[in-house]
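Understanding the architecture of this molecule
Each chain, written out:
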Amino acid sequence: MPGRLGIEVLGGDQLLRLALLLRLGKGEEGINHAGIKRIIELESAMANMAIEVAQLRIEVDALIKENPPKSLVTRRKSEVIVYKED
């Protein structure tokens with residue numbers, strides 16, 4: 001939100017986005033504005049998918065804990081006996 005002097009204070013995420021824009025547009029990559037916009041859209045989509053995957057993993061773990069699969073046999077840890085050779 002712009003202040004009294006029309007200056008906007010940027011948050012951490014906004015600063016990171018600005019740094020990315022500057023790096024992509026003026027850096028060695030030389031990507032145009034449309035390309036930069038697409039990169040940012042794809043990064044946002046990827047971040048959203050990562051969050052969704054994490055949530056789904058939590059749900060699957062909870063479901064497995066509530067209803068363990070009957071086809072899987074739980075393996076007991078077997079003891080290992082080491083014999084010394086004479």
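Structure shown above.
As the structure is a computational prediction, the values presented were derived from the model and not from experiment.

Reading guide: rules and limits
Residues numbered from 1 in each chain as written. Predicted model: local features only at pLDDT ≥ 70, side-chain atom pairs only at ≥ 80, totals over all residues. Heavy atoms only, no water. Helix = DSSP H or I, 4+ residues; strand = E, 2+ residues; numbered from the N terminus. Expected span 1.5 Å × (residues − 1). Polar contact = N/O pair within 3.5 Å; in protein donor to acceptor, adjacent residues only side chain to side chain. Axes fitted to C-alpha atoms, helices over the stretch in contact; angles between N-to-C directions. Parallel < 35°, antiparallel > 145°, perpendicular 65-115°, else oblique. Left-handed = near helix turned anticlockwise from the far one by under 90°. Contact = heavy atoms within 4.5 Å. Nonpolar A, V, L, I, M, F, W, Y, C, P; charged D, E, K, R; others polar.

Let us look at helix H2 (residues 33-66). Helix length check: H2, at 34 residues, gives a terminal C-alpha distance of 50 Å against a target of 50 Å (1.5 Å per residue), a fit within 8%. Between a side-chain oxygen at the N-terminus of H2 and the backbone nitrogen of Ala 34 the separation is 3.3 Å; the capping residue is Asn 32.

Relative orientation of the contacting elements helix H1 (residues 12-26) and H2 amounts to 135 degrees, with a least axis distance of 10 Å. One way to sum up the angle between H1 and H2 is to call them oblique. By crossing handedness, the relation of H1 to H2 is classed as right-handed. Residues Arg 17, Leu 20, Leu 21, Leu 24 and Gly 25 of H1 lie in contact with H2, whose contacting residues are Ile 36, Ile 39, Ile 40 and Glu 43. Grouping the amino acids of the contact of H1 with H2 by side-chain chemistry returns six nonpolar, one polar and two charged.

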